[in-house]
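As a plain string of letters, each chain reads:
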Amino acid sequence: CEEEAVCVIMCASVKYNIRGPALIPRMKTKHRIYYITLFSIVLLGLIATGMFQFWPHSIESSNDWNVEKRSVRDVPVVRLPADSPIPERGDLSCRMHTCFDVYRCGFNPKNKIKVYIYALKKYVDDFGVPVSNTISREYNELLTAISDSDYYTDDINRACLFVPSIDVLNQNTLRIKETAQALAQLARWDRGTNHLLFNMLPGGPPDYNTALDVPRDRALLAGGGFSTWTYRQGYDVSIPVYSPLSAEVDLPEKGPGPRRYFLLSSQVGLHPEYREDIEALQVKHGESVLVLDKCTNLSEGVLSVRKRCHKHQVFDYPQVLQEATFCVVLRGARLGQAVLSDVLQAGCVPVVIADSYILPFSEVLDWKRASVVVPEEKMSDVYSILQSIPQRQIEEMQRQARWFWEAYFQSIKAIALATLQIINDRIYPYAAISYEEWNDPPAVKWGSVSNPLFLPLIPPQSQGFTAIVLTYDRVESLFRVITEVSKVPSLSKLLVVWNNQNKNPPEDSLWPKIRVPLKVVRTAENKLSNRFFPYDEIETEAVLAIDDDIIMLTSDELQFGYEVWREFPDRLVGYPGRLHLWDHEMNKWKYESEWTNEVSMVLTGAAFYHKYFNYLYTYKMPGDIKNWVDAHMNCEDIAMNFLVANVTGKAVIKVTPRKKFKCPECTAIDGLSLDQTHMVERSECINKFASVFGTMPLKVVEHRADPVLYKDDFPEKLKSFPNIGSL
Amino acid sequence: MQSWRRKSLWLALSASWLLLVLLGGFSLLRLALPPRPRPRAPQGWPRWLDADLLQSFSQSGELPEDAAQPPRAPHGGSCNWGSCFDTSKCRGDGLKVFVYPAAGPISETHRKILASIEGSRFHTLSPAGACLLLLLSLDAQTGECSSMPLQWNRGRNHLVLRLHPAPCPRTFQLGQAMVAEASPTVDSFRAGFDVALPFLPEAHPLRGGAPGQLRQHSPQPGVALLALEEERGGWRTAGTNSSACPWDGRCEQDPGPGQTQRWEMLPNATFCLISGHHPQAASRFLQALQAGCIPVLLSPRWELPFSEVIDWTKAAIVADERLLLQVLAALQEMSPAQVLALRQQTQFLWDAYFSSVEKVIHTTLEVIQDRIFGTSAHPSLLWNSPPGALMALSTFSTRLPQPHPESHSAWGSGRFSALIWVGASGQPPLKLIQAVAGSQHCAQILVLWSNERPLPSRWTETAVPLTVIDGCRKVSDRFFPYSTIRTDAILSLDARSSLSTSEVDFAFVVWQSFPERMVGFLTSSHFWDEAHGGWGYTAKRTNEFSMVLTMAAFYHRYYHTLFTHSLPKALRTLADEAPTCVDVLMNFLVAAVTKLPPIKVPYAKQRQEAASLVPGGPETRPKLQAPDPNCINQIAAAFGHMPLRSSRLRLDPVLFKDPVSVQRKKYRSLEKP
């Protein structure tokens with residue numbers, strides 16, 4: 001509208017000019033010349049401005065015609081001469097390393113491929129007859145989804161994957177040879193390298209090939225309905241056939257469990273031979289099998305697509321699918337059937353009877369968890385095969401089926417993005433999405449614990465452990481701890497974390513002389529989390545965190561603690577144990593340090609653990625827990641207990657009998673006694689952490705670890721760890 | 001009038017000027033600064049005005065026509081599982097495998113393979129009853145190639161085992177036979193039909209095999225980031241800070257001294273870079289796996305072993321060789337969590353499927369069995385997490401969320417079943433039954449009557465159901481998976497054991513924390529006997545132990561299934577003949593699964609004994625006398641390695657013997673002297 005405004009002004013000034021002569025003769029000649037010059041300048045200026053306003057705009061707007069809304073009918077027309085080149089047929093031996101130019105994907109910093117979409121054109125042959133429908137609704141949605149995603153780039157030079165806007169979703173709507181010619185004249189076609197075609201309905205009568213018949217050379221094909229003969233493993237992507245009912249019908253998720261029909265066949269127009277087989281099942285098993293067909297006597301105005309009939313009974317489709325536990329998905333002329341999507345949406349377990357069919361996204365999806373595949377020749381045994389599946393497994397499959405639909409079938413967008421993700425994972429395998437992420441429903445993902453130290457392994461004793469002493473300024477006590485700890489045979493290094501910025505650590509000569517290396521680390525800030533920092537100096541896997549006032553542990557006790565850690569390297573192994581309790585009156589968690597029969601935490605004032613947990617504590621602690629601990633100068637040990645229990649799903653191990661510890665809880669704040677407020681604060685910590693973790697990860701156990709012969713009637717001198725439990 | 005005209009003229013003029021300046025100025029400004037690209041909104045796919053009017057890709061009229069296709073005849077050219085394997089033969093008792101006898105002299109590897117199949121539960125001697133017929137394609141060394149066997153039947157239900165890539169010119173058409181081949185090329189491999197095997201070195205052990213070399217979970221600090229294979233054999237390491245091209249030797253001048261080192265054996269490195277082309281790569285791959293060095297495979301042209309079931313993305317990195325720079329950068333930036341997980345997975349996979357010929361062959365058969373089983377096959381989780389699918393029979397509860405005892409999912413009702421074996425004494429163990437039934441966790445008691453005497457007609461009244469199973473004569477019957485056992489936890493007892501309710505309660509609570517392990521009261525330990533050059537074991541009380549006696553132990557009922565269905569028959573016979581052996585055997589079995597020691601809990605009677613009785617008195621310590629070294633050595637030979645691990649700890653109640661009022665203690669009777 002800017003242009004229009006300019007035009008009005010210009011037209012007005014032109015009018016003025018026309019009236020000019022009537023006005024000007026009355027003036028003096030000098031003036032007249034003056035005025036005329038002035039006017040002409042203004043006029044020229046205005047014209048120039050107007051031109052300027054118009055020209056560049058018209059150029060640009062042809063450039064970015066696609067930001068505005070346009071009609072599909074107005075796209076440029078491209079005439080394909082009859083003798084323009086045709087690509088070769090698809091190369092069946094193509095693999096990523098032979099047919100895909102991965103160099104184009106080399107400069108993507110975030111391990112994400114970049115996808116370019118060609119502009120939409122309308123292709124006609126020499127006689128002006130269109131090659132195909134310009135674009136279908138679904139293909140438009142698909143390209144929109146790609147364009148809205150992170151994969152999209154509008155820079156053809158930076159793109160790694162090219163998606164033609166030539167719609168080949170359905171082979172029946174296009175002319176094969178001419179479509180191929182259209183592909184071949186794309187700007188970066190280059191034998192189809194790095195081009196991705198989406199096709200859901202391949203083949204045509206009479207033989208219905210299982211892959212798109214359009215010659216496409218090296219282009220990747222995302223196809224619905226591949227068979228093992230046409231699918232190029234690791235190159236093509238098998239995609240679902242989209243069902244429009246996914247968008248039209250809202251089927252709320254139905255909980256798993258037994259349903260009215262055990263087996264349902266809802267497909268219309270089955271081949272008579274198959275229908276016979278399935279109807280035989282119905283005769284044999286009666287009510288639990290339901291076979292539906294097209295309705296013949298529907299009244300006018302009823303959508304026949306949404307109705308199915310059994311004899312004279314009419315059922316709503318796809319709602320009826322929710323009434324069945326298993327639903328048959330039988331091959332038609334094509335292997336890929338849209339009904340698979342409807343069945344999954346209904347949470348019905350698909351029974352896929354289509355020999356050699358490559359199930360959608362089978363490269364990443366574990367279909368064994370969501371479907372039953374039955375060979376065609378075993379069709380008569382379907383019922384007994386299904387009956388042998390335990391109920392529990394059926395329920396899991398029902399949940400899984402629905403989840404697959406929600407994540408990968410629901411919309412064209414879901415299909416497009418999953419396809420690109422699969423290709424992306426092939427190119428950047430080190431950043432690929434894991435099996436669990438692809439296959440586990442969200443509930444399972446959140447609920448499952450995967451222990452980072454899952455390999456059962458007892459580390460060799462020779463490795464020893466690194467003792468980390470956190471200290472502020474209690475030098476005398478610190479030195480005693482160092483001397484005591486240095487007597488432990490398996491100690492391999494001692495690290496003092498000097499947390500006092502106002503005071504220098506004592507001079508080297510003053511430190512106790514011990515047999516292992518002693519390192520002092522100075523910290524930048526007096527923070528409790530410094531104790532759990534993954535210092536480069538830690539060379540052993542085992543870490544002993546010990547406070548600078550824990551002098552009551554004997555060498556036997558510490559050595560035994562290390563031995564216990566070796567048997568449980570994925571757990572916190574500590575000396576003083578603590579418990580969390582549910583306070584029914586206050587309705588919240590409570591911290592307990594009394595003599596109890598149970599343990600759920602150990603204090604890190606003296607505890608062994610794997611150094612990996614230092615990394616987790618420092619970099620992966622959820623929420624604001626780390627800052628909270630540093631701000632409150634308390635509860636770092638509780639936070640560590642939460643972290644380890646949450647990530648491993650395992651309980652702590654308390655070692656050796658209870659001892660009188662000198663207020664082990666008040667390490668940081670000197671002088672604060674074990675009083676009520678302290679306990680209250682630690683209870684607060686538990687409640688705070690439980691809310692951040694969203695769960696209570698701590699596990700309660702009733703055992704502690706002692707040496708095998710502890711307190712047994714056995715000669716003391718023959719025991720490995722005699723000096724345990726002495727006060 | 002004049003002035004009015006002039007005024008209006010002036011007004012018009014100045015207005016025009018103003019306009020000119022405004023519009024022109026802007027235009028001039030734009031003209032002056034055009035090279036700076038305007039921040040363009042990313043132009044995407046256009047939003048068509050008539051998008052809603054577009055036609056759907058599938059016209060509804062197409063559907064009926066789509067369906068009218070007759071059943072397809074089996075495809076000629078190539079094979080897949082559905083069309084070329086007849087599962088109906090496997091209907092009866094699952095996968096039964098017949099192996100064609102070798103015609104002439106056989107190689108060492110061949111012999112090992114035969115032995116491992118014959119020792120498996122899949123083996124059958126009749127080709128008619130077999131569902132899979134296995135043909136060993138001989139290796140090149142013997143110089144002989146197999147001829148077409150008798151029951152060939154166009155290769156249907158046949159598996160041709162080739163340990164070396166195509167050693168023989170094909171003397172016969174494969175027909176419909178499957179091929180299990182070491183590192184097959186990706187082009188010839190038929191996914192879902194053929195089986196990809198690892199490349200086995202000649203010296204690969206038959207059983208057991210060397211365990212993984214990983215000694216600790218996380219890489220040692222300062223260890224080399226990369227080990228690179230050398231073409232002449234051997235390895236070379238490159239530090240983390242070396243330049244970006246350490247593999248091709250062209251920038252050899254760059255790294256300073258000590259930057260790269262040459263090694264014959266696999267060095268200690270986090271990643272092992274293996275090029276995918278040449279055939280040695282496959283053996284390098286196994287080498288790296290064993291060493292816990294994360295294999296980084298560059299565009300392998302061969303199929304990774306057992307790729308049908310093993311999720312290799314969890315243990316190795318398969319990258320495109322053309323993006324080497326990116327790969328190296330990605331390795332350097334890989335998070336400790338990822339490295340930790342990959343490293344551990346290499347070890348798990350090595351130990352579970354690759355360390356011996358037997359494991360490789362059994363895995364091959366399990367893969368095929370899983371195809372036959374269809375829905376009741378091992379789920380991916382079981383294949384890819386410890387202890388692996390070979391240790392988790394699919395005949396046991398299939399596809400529980402996590403069917404293995406390792407998992408801590410909600411099993412059972414938090415109760416146990418007591419299994420009391422009544423042997424020679426023939427007396428109903430009434431006292432023991434009372435003690436066990438007194439436990440709040442006890443769900444049922446099963447008495448296995450293994451005595452010539454008739455069953456006593458009267459048993460004590462107990463709060464829990466008591467079942468007597470008669471006729472269990474063999475010792476191995478003790479570990480049969482009786483269908484009457486309804487709980488996951490089993491307390492295995494001997495009629496002569498004596499336990500208190502408190503002990504049972506505490507041990508069960510401990511077992512709940514360690515459901516994959518055995519939790520027992522009495523222990524023994526194994527040792528290497530230098531004098532005899534073999535293993536021995538003793539029940540003497542020492543500072544450590546590696547076995548718990550099954551006369552009083554908790555364990556998961558899953559081990560009954562494993563004991564009965566997965567142990568070689570010879571071992572069960574051994575246990576039947578020498579009953580003292582059964583303890584050792586059971587401990588071997590559990591340790592082979594868990595790779596961890598059992599757990600000991602306090603046993604009051606033991607302390608008494610030690611105080612009052614002569615050690616080794618026959619009455620108090622039944623079965624402990626005279627441990628038979630033959631037994632442990634035979635079992636160790638059958639397992640191929642020593643799975644037992646020692647423990648130095650005992651789990652006691654938290655307040656055990658603590659100087660605190662007995663009233664506070666939950667398991668106070670454990671402390672009675």
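The residue numbering used here restarts from 1 in each chain and proceeds along that chain's sequence as written. Lettering of chains starts at A and numbering of ligands starts at 1, both following the order in which they are written. Two thresholds apply to this predicted model, a pLDDT of at least 70 for residue-level local features and 80 or more for giving and counting side-chain atom pairs, whereas whole-chain, interface and lining totals are computed over all residues. Hydrogens and water are ignored here; the side-chain numbers use all heavy atoms of the structure.

### A look at the interface of chain A and chain B
The interface is formed by 150 residues belonging to chain A together with 136 residues belonging to chain B. Counting each side, the surface lost to burial between chain A and chain B is near 13000 Å², with a carbon and sulfur contribution of 57%. Among the residues of chain A in contact with chain B, A:Trp229, A:Tyr430 and A:Val708 are the three that bury the most area, contributing 6% of the side total. In the sections that follow, a salt bridge refers to a side-chain nitrogen of Lys or Arg positioned within 4 Å of a carboxyl oxygen of Asp or Glu. Salt-bridge contacts for B:Arg664 lead to A:Glu594; the nearest nitrogen and oxygen are separated by 3.8 Å. Two N or O atoms count as a polar contact when they lie within 3.5 Å, although within protein this holds only if one can serve as hydrogen donor and the other as acceptor, and sequence-adjacent residues are included solely when both atoms are side-chain atoms. Linking chain A to chain B there are 46 residue pairs in polar contact (both at pLDDT 80 or more). At 13 residues, the largest contribution of residues to the side of chain A that touches chain B is made by helix H2 (residues 29-63) of chain A. Note on residue classes: Ala, Val, Leu, Ile, Met, Phe, Trp, Tyr, Cys and Pro are nonpolar, Asp, Glu, Lys and Arg are charged, and everything else, Gly too, is polar. Here the residues of the side of chain A that touches chain B sort into 75 nonpolar, 34 polar and 41 charged. By this definition, two strands are paired if DSSP reports at least two bridges between them. Going along the chain from the N terminus, every DSSP run of H or I of four or more residues is numbered as a helix, and every run of E of two or more is numbered as a strand. Inspection of the sheet shows strand E25 (residues 703-707) of chain A paired to strand E22 (residues 649-653) of chain B by five bridges, in the antiparallel sense. Each residue of the ladder has a partner; that of A:Ala705, found in E22(B), is B:Leu651. Contacts were defined at the residue level, with two residues in contact if any of their heavy atoms lie within 4.5 Å. Summed over both partners, buried area is the accessible surface (1.4 Å probe) that two parts give up on being assembled.

### A few points about the pattern of salt bridges
Under the criterion given, the structure shown has 49 salt bridges over all chains. For A:Asp706, the salt bridge is made with A:Arg704, and the minimal N-O distance between the two is 2.9 Å. For the pair A:Asp706 and A:Arg704, a shared accessibility class is recorded, and that class is buried. We note a salt bridge from B:Arg650 to B:Asp652, for which the minimum N-O separation is 2.7 Å. There is no split in this pair, since B:Arg650 and B:Asp652 are both buried. A network of salt bridges, in which partner residues are shared, links A:Glu563, A:Arg566, B:Glu544 and B:Arg648. Type-normalised accessible area, obtained with a 1.4 Å probe on protein chains alone, sets the label of each residue: buried when under 20%, exposed when over 50%, and partly exposed for intermediate values.

### Examining the confidence of the model for chain B
Residue and element names in this part refer to chain B. A residue's pLDDT is simply how confident the predictor is in it, with values from 0 to 100. Mean pLDDT over chain B stands at 79; residues scoring 70 or higher make up 78%. Confidence over residues 61-68 falls short of pLDDT 50; this stretch has 20 contacts with residues more than four positions distant or in other chains. Every residue in residues 240-260 is under pLDDT 50, and counting partners more than four places away or in other chains gives 26 contacts. Per the prediction output, this complex has pTM 0.85; the corresponding ipTM is 0.85.

### Focus: the sheet that holds strand E19 (residues 547-548) of chain B
All names here are of chain B. Read from one edge of the open sheet, three strands run E18-E17-E19, paired in antiparallel fashion. Only two strands of the sheet have a single neighbouring strand rather than two, namely strand E18 (534-538) and E19. Taken together, the five bridges between strand E17 (residues 523-529) and E18 define a ladder with antiparallel strand orientation. Bridge pairing in E18 places serine 525 opposite threonine 538. Axes here mean lines fitted to C-alpha atoms, for a helix over just the part in contact, with angles spanning 0 to 180 degrees between N-to-C directions. Where helix H16 (residues 629-639) meets the sheet, its contacts fall on E17 and E18, and the angle it forms with E18 comes to roughly 125°.

### Here's the deal with the sheet that holds strand E22 (residues 601-602) of chain A
Residues and elements named next belong to chain A. If you walk across this open sheet you meet the three strands as E21-E20-E22, and the pairing is antiparallel. The open sheet terminates on both sides in strands that have one partner only, identified here as strand E21 (588-592) and E22. As judged from the two bridges shared by strand E20 (residues 577-583) and E22, these two strands associate in the antiparallel manner. If you follow glycine 577 over to E22, its bridge partner there is valine 602. Against the sheet, helix H19 (residues 676-693) contacts E20, E21 and E22, and its axis sits at roughly 135° relative to E21.

### Looking at the state of the cysteines
In this description, the term disulfide denotes a pair of cysteine sulfurs within 2.5 Å. For the structure on display, the rule yields eight disulfides over all chains. Disulfide pairing places A:Cys327 opposite A:Cys348 at an S-S distance of 2.1 Å. Of note, the bridge from A:Cys327 to A:Cys348 carries an S-S torsion of about 105° and is right-handed in sense. With A:Cys327 in strand E12 (residues 324-330) and A:Cys348 in the loop between helix H8 (339-345) and strand E13 (349-353), this pair connects stretches of sequence that are 21 residues apart. Exposure remark for A:Cys348: the relative accessible area of 0% places this residue in the buried category. Across the disulfide from B:Cys272 sits B:Cys293; the S-S distance is 2.1 Å. Here the S-S torsion is close to 110°, and the disulfide linking B:Cys272 with B:Cys293 is therefore right-handed. Taken as a pair, B:Cys272 in strand E9 (residues 269-275) and B:Cys293 in the loop between helix H5 (280-291) and strand E10 (294-298) lie far apart in primary sequence, 21 residues in all. Among the residues examined, B:Cys272 registers a relative accessible area of 0% and is labelled buried.

### Here's the deal with the nonpolar core
Residues belong to one nonpolar core when they are buried, are Ala, Val, Leu, Ile, Met, Phe, Trp, Tyr or Cys, and are joined through side-chain atoms within 4.5 Å. In terms of nonpolar packing, the biggest core is built from 105 residues, with A:Phe100, A:Ile113, A:Phe198, A:Phe361, A:Ile427 and B:Phe271 touching the most fellow members. The element that contributes the greatest number of residues to this core is helix H11 (residues 412-427) of chain A, accounting for eight residues.

### Here's the deal with the packing of aromatic side chains
All names here are of chain A. Side-chain rings of Phe, Tyr and Trp (the six-membered ring for Trp) are treated as a pair once their centres are within 6.5 Å; stacked means planes under 30 degrees apart, edge-to-face means over 60, and tilted covers the remaining angles. Applying the stated rule across the entire model yields 49 aromatic pairs over all chains. Taken together, a centroid distance of 6.2 Å and an interplanar angle of 15° make the contact between tyrosine 562 and tryptophan 565 stacked. Highlighted residues: tyrosine 562 and tryptophan 565, both in helix H15 (residues 555-567), separated by three residues, approximately one helical turn. Judged on exposure class, the residue tyrosine 562 and its partner tryptophan 565 are both buried. One aromatic cluster is present, formed by Phe361, Trp367, Trp403, Phe404, Tyr408, Phe409 and Trp438 through successive ring pairs. We call a charge positioned above a ring when the Lys NZ or Arg CZ atom is no farther than 6 Å from the ring centre and deviates by at most 35 degrees from the ring normal. Here the guanidinium or amino end of lysine 112 rests over the ring plane of tyrosine 151, the centre of that ring lying 4.8 Å away. Residue placement shows arginine 308 over the ring face of tyrosine 317; its charged tip is 4.0 Å from the ring centre.

### Some remarks on a negative patch on the surface
All names here are of chain A. The patch calculation keeps residues exceeding 30% relative accessible area without a salt bridge and links them within 9 Å when they carry like charges or within 5 Å when they are nonpolar (Val, Leu, Ile, Met, Phe, Trp, Tyr). Only the protein chains shown count as cover for residues, and all accessible areas are computed by the Shrake-Rupley method using a 1.4 Å probe. Positive charges are assigned to Lys and Arg, negative charges to Asp and Glu, while His and the chain termini are left out of the count. To locate a charge, take NZ of a lysine, CZ of an arginine, CG of an aspartate or CD of a glutamate. Among the surface-exposed residues, Glu273, Glu276, Asp277 and Glu279 lie close enough to one another that they form a single negatively charged patch. Here glutamate 273 shows up in helix H7 (residues 272-285). When its relative accessible area of 44% is taken as the criterion, glutamate 273 is described as partly exposed.

### A word on the domain arrangement of chain B
An automatic or database domain assignment is the source of the domain bounds shown. On domain assignment, one finds that chain B holds domain 1 (79-141 + 148-205 + 359-367), domain 2 (224-239 + 263-355) and domain 3 (424-607 + 626-639). A separation of 42 Å is found between the C-alpha centroids of domain 2 of chain B and domain 3 of chain B.

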